[in-house]
Amino acid sequence: MSTEVATIGLTHGASEDTGLGHRGPESKSIVVPYGFWLFVLSDMVLFSALFATYATLTNATDGGPTSNQLFDRNLVAIETLALLISSFTCGLAMIAAKRKNMAWTQIWLLVTGLLGAVFLFIELYEFATMVGEGAGPQRSAFLSAFFTLVGCHGAHVTAGLLWIGTMMAQLWAKGFREHIMRRLLCLSVFWHALDIIWVAIFTIVYLIGTLP
Amino acid sequence: MTEIDPEQNVAPGEPHSNILSETTAYVIGLALALGLTAVSFWVASTSSLWGPGVAVGLVVLAIAQMGVHLVFFLHITSGPDNTNNVLALAFGVLVVFLVMIGTIWIMGHMNDNMMPGPEITNLQMQH
């Protein structure tokens, strides 16, 4: 790509770039995260179906426990805080990685992973308590929808934790190579997206579900 | 990482180039998100607000917080380098709203139309 062509932007009306790919494809460091962004958005579409299911079934409790009796707002507040701060430290890890600072990148990734583990631990504790009280997913349609929606998010967090661990090892072994940086960027997009989905979950499931 | 050129596309989640403004962006985002979360929890537990409006208010706060996350953490902006990211996001949001509002709308009407009466409705809804 020549420098003259490279400086012509898509949005310049008088430019020669027709937006039909004259400049050739973008570099891999743009295309790969963009493709991952499309995946994350389709993941959100998947979650929207689970949200819609949950919203339709909230009242189908089959005489069993209702959302008001089951959910503990204090636990949810801690979960929310852990995930939000982990999103922040994930951003700090990206800032450190961009400057090729290995120590801080690893530290912030570790903090991100630990906060994610705190979140997951509290969620599993909540699930175990509910199942112990006889409010498992087989109790009613409402609880099936609840465990599917929140459990699916928890599964994503678990996958994210595995991914963080993998990236820490890869960074350690291979350093800040270009393809490692791409993966790191995808990881941060994934992790921030999980937090965005959690905002919807704590609002719709836990806060609106426990309104008097 | 290459220097960010405003004429080029930028990947979603790509941080800014200056360390101070970069960190500031994340701190502002964290502060806004924490504030919105705190307001959400307060709105949900206070009794000083008009009851029927609380759920709507919570949804608005959640959407605002998602916007904060998108702008400050995922760096989705309205700039020309972000056009592709924003278009993909717009399509995603469209599908999400179609699925959610469509489902709630249709299923709500089905419940209204299928249910014989309030006393039996309650029984049927419980299965």
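Residues numbered from 1 in each chain as written. Chains lettered and ligands numbered in written order. Predicted model: local features only at pLDDT ≥ 70, side-chain atom pairs only at ≥ 80, totals over all residues. Heavy atoms only, no water.

1. With respect to the packing of helix α2 (residues 28–57) of chain A against helix α3 (residues 83–114) of chain B
Between α2(A) and α3(B), the least distance of the axes is 9 Å, while the angle of their chain directions is 10 degrees. Relative to α3(B), the element α2(A) is oriented roughly parallel. In the packing of α2(A) onto α3(B), the handedness of the crossing is right-handed. The residues of α3(B) that touch α2(A), namely those facing A:Tyr34, A:Trp37, A:Leu38, A:Leu41, A:Met44, A:Val45, A:Ser48, A:Ala49, A:Phe51, A:Ala52, A:Ala55 and A:Thr56, are B:Asn84, B:Asn85, B:Ala88, B:Leu89, B:Gly92, B:Val95, B:Val96, B:Val99, B:Met100, B:Thr103, B:Ile104 and B:Met107. Grouping the amino acids of the contact of α2(A) with α3(B) by side-chain chemistry returns 18 nonpolar, six polar and no charged. (Axes fitted to C-alpha atoms, helices over the stretch in contact; angles between N-to-C directions. Helix = DSSP H or I, 4+ residues; strand = E, 2+ residues; numbered from the N terminus. Parallel < 35°, antiparallel > 145°, perpendicular 65-115°, else oblique. Left-handed = near helix turned anticlockwise from the far one by under 90°. Contact = heavy atoms within 4.5 Å. Nonpolar A, V, L, I, M, F, W, Y, C, P; charged D, E, K, R; others polar.)

2. Considering the packing of aromatic side chains
Residue and element names in this part refer to chain A. Scanning the model with the defined rule gives 17 aromatic pairs over all chains in all. Plain terms: the ring middles of Trp163 and Phe190 are 5.6 Å apart, the flat faces sit at 50 degrees to each other, and that makes the pair tilted. Residue Trp163 is found in helix α6 (residues 141–174), and its partner Phe190 is found in helix α7 (residues 178–207); the two are separated by 27 residues along the sequence. The exposure class assigned to Phe190 is buried, which follows from its relative accessible area of 7%. Here the aromatic residues Tyr54, Phe71, Phe119, Phe127, Phe142, Phe146, Phe147, Trp198 and Tyr206 are joined through ring pairs into a cluster of three or more. (Phe/Tyr/Trp six-rings, centres within 6.5 Å; stacked < 30°, edge-to-face > 60°. Buried < 20%, exposed > 50% of the residue type's maximum accessible area, 1.4 Å probe, protein only.)

3. Overview of the interface of chain A and chain B
Listed by partner, the interface residues are 59 residues for chain A and 54 residues for chain B. Summed over both sides, the interface between chain A and chain B buries roughly 4,900 Å², with carbon and sulfur atoms accounting for 73% of that surface. Summed over the shared surface of chain A and chain B, the number is two salt bridges. The salt bridge partner of B:Glu22 is A:Arg99, with a shortest N-O separation of 2.8 Å. (Buried area = accessible area lost by both parts, 1.4 Å probe. Salt bridge = Lys/Arg side-chain N within 4 Å of Asp/Glu carboxyl O.)

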